[in-house]
Amino acid sequence: MSRSGDSLRTKAAARSPRTVRTVRAVREAISEWRAAGESIAFVPTMGNLHAGHLSLARLVAEPRTRVVMSIFVNPTQFGPGEDFAAYPRTLTEDTALVTAAGTVDLLFAPEAADIYPFGLNSAARVSVPELGRELDGASRPGHFDGVASVVTRLLNIVTPDVLMLGQKDYQQFILMQRMIADLHLPVVLRMGPTHREPDGLAMSSRNRYLDADQRARAPALQAALARVRDAVRGGATNFADLGAAAKQDLESAGFKPDYVEVRRAADLAASNAADGREARVVIGAAWLGRARLIDNLLV
Ligand code: PAF
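As the structure is a prediction and not an experimental result, all values here were calculated from the model. (Residues numbered from 1 in each chain as written. Predicted model: local features only at pLDDT ≥ 70, side-chain atom pairs only at ≥ 80, totals over all residues. Heavy atoms only, no water.)

Next up on the list: the overall build of the protein chain. Looking only at helices and strands, the protein chain has 11 helices and nine strands in total. Radius of gyration (C-alpha) of the protein chain: 20 Å, near the 19 Å computed for a compact globule of 299 residues. If one aligns the C-alpha atoms of the protein chain with their principal axes, the spans along those axes are about 55 × 55 × 40 Å. Residues classed as buried in the protein chain amount to 53% of the 299 residues present. Across the protein chain, contacts joining residues at least 24 apart in sequence account for 72% of those joining residues at least 6 apart. For the protein chain, the exposed area adds up to about 14,000 Å²; of that, 52% sits on carbon and sulfur atoms. Averaging the positions of the 36 positive and the 33 negative side-chain charges in the protein chain gives two centres separated by 4 Å. (Helix = DSSP H or I, 4+ residues; strand = E, 2+ residues; numbered from the N terminus. Rg over C-alpha atoms; globule rule 2.2 N^0.38 Å. Buried < 20%, exposed > 50% of the residue type's maximum accessible area, 1.4 Å probe, protein only. Contact = heavy atoms within 4.5 Å. Areas by Shrake-Rupley, 256 points an atom, 1.4 Å probe, with all protein chains shown as cover. Lys, Arg positive; Asp, Glu negative; His and termini not counted. Charge placed at Lys NZ, Arg CZ, Asp CG, Glu CD.)

Across the sheet, three strands lie side by side as S7-S8-S9; this open sheet has antiparallel pairing. Each edge of the open sheet carries a strand with a single partner, namely strand S7 (256-264) and strand S9 (291-298). Each strand of the sheet is rotated relative to its neighbour by a mean of 10 degrees, with strand direction disregarded. Pairing of S7 with strand S8 (residues 280-288), which is carried by eight bridges, proceeds in the antiparallel orientation. Bridge assignment links Val260 to a residue of S8, and that residue is Gly284. Along the sheet face, helix H8 (residues 170-182) touches S7, S8 and S9 and points at about 125 degrees away from the line of S8. (Pairing = 2+ DSSP bridges. Axes fitted to C-alpha atoms, helices over the stretch in contact; angles between N-to-C directions.)

Below, the discussion takes up the sheet that holds strand S5 (residues 162-166). On the basis of which strands lie adjacent, the open sheet formed by six strands has the order S1-S4-S3-S2-S5-S6 and parallel pairing. Sheet topology places strand S1 (18-20) and strand S6 (188-192) at the edges, where each strand pairs with a single neighbour. Averaged over all adjacent pairs, the angle separating strand axes in this sheet is 25 degrees, with direction ignored. Against the sheet, helix H4 (residues 91-101) makes contact with S1, strand S3 (65-71) and strand S4 (106-108), and its axis sits at roughly 160 degrees relative to S3, the strand it touches most.

To continue, consider the site of the ligand. By nearness alone, every residue bordering the ligand is listed as Pro44, Thr45, Met46, Asn74, Gln77, Val150 and Gln172. Taking Gln172, its side chain carries an N or O atom lying 2.6 Å from an oxygen atom of the ligand. Relative to its unbound accessible surface of 290 Å², the ligand loses 89% to contact with the protein. In the shell around the ligand, the residues fall into three nonpolar, four polar and no charged. (Near = heavy atom within 4 Å. Polar contact = N/O pair within 3.5 Å; in protein donor to acceptor, adjacent residues only side chain to side chain. Nonpolar A, V, L, I, M, F, W, Y, C, P; charged D, E, K, R; others polar.)

On to the confidence of the model for the protein chain. In this model, the protein chain carries an average pLDDT of 95, and 96% of its residues clear a pLDDT of 70 or more. Confidence over residues 1-12 falls short of pLDDT 50; this stretch has seven contacts with residues more than four positions distant or in other chains. (pLDDT = per-residue confidence, 0-100.)

What follows is about the pattern of salt bridges. Within this structure, the stated rule accounts for 21 salt bridges. Among the salt bridges present, the one from Asp105 reaches Arg15, with a minimum N-O distance of 2.7 Å. Of the two residues, Asp105 sits in the loop between H4 and S4 while Arg15 sits in the loop between helix H1 (3-12) and S1, which places them 90 residues apart along the sequence. The same class applies to Asp105 and to Arg15, which are both buried. Note that Arg292 is salt-bridged to Asp258, the shortest N-O span being 2.9 Å. Here Arg292 is found in strand S9, whereas its partner Asp258 is found in strand S7, with 34 residues between them in sequence. Of the residues examined, Asp258 reaches a relative accessible area of 26% and is grouped as partly exposed. Among the charged side chains, a salt-bridge network with shared partners connects Arg15, Glu38, Arg66 and Asp105. (Salt bridge = Lys/Arg side-chain N within 4 Å of Asp/Glu carboxyl O.)

Shown next, in the form of structure tokens:
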């Protein structure tokens, strides 16, 4: 690495995050930074941070850019009977991780009443129809309305120049891209790569729901998607059959698959098998015990 690269990295490593709880405190910090001519990058999370979250902050921690990370387990993106109550809330550990990483300037950890001031039942909703009802949206009705509703609020509070989201939640990324374009939101969306455990399992807060036996079997999801990806790369065009075979493999490995599909990478529309130049993504979701795992691989 060049000398200037070294000094940029040193500068990025020097940040120590301040934790704030209120919208007002976020706005005060942002106005000070804006007045000093700095730009703002934003990494929204639900906490229980892992290397994937930290890498998103690292990717945007550039000189003269302040990094805001939110930690908020958003109730509106969980359906009835889903894991909202069980979702790991680990603010103390998260704060220690972010402090050690040194790439975040402000940690915003609000209460639901700060984000939804009129209460959950009367909260305004943002909805991205069609794509929001497919794939994960079909298995989790209302999930993406909850994501769109909270991300819109967070963007209005933080007013970032850059919004950073991870590839692991690929449908979420594409949906947010659509929402930002459709609502003319003044923010640039960037994608960070999926972080994986050494055996290939995509890092996720929900991996902690796996017992030892399930954890040993969990990389089979990525392996099944990789077989589909390799077949598509090799010229296979029978996408429905490939998805069905992957689901069968997952069932044999003890999963309950929701879907495995080959879609157009740009917008998750149905892939046109006849178009040899189309960029594609293999995307899948499957239950393993009480963990619902999602993953995707670009072809
Ligand atoms: O990806 C997540 O963790 C959440 O869906 C997000 C974007 C923080 C919204 O709650």
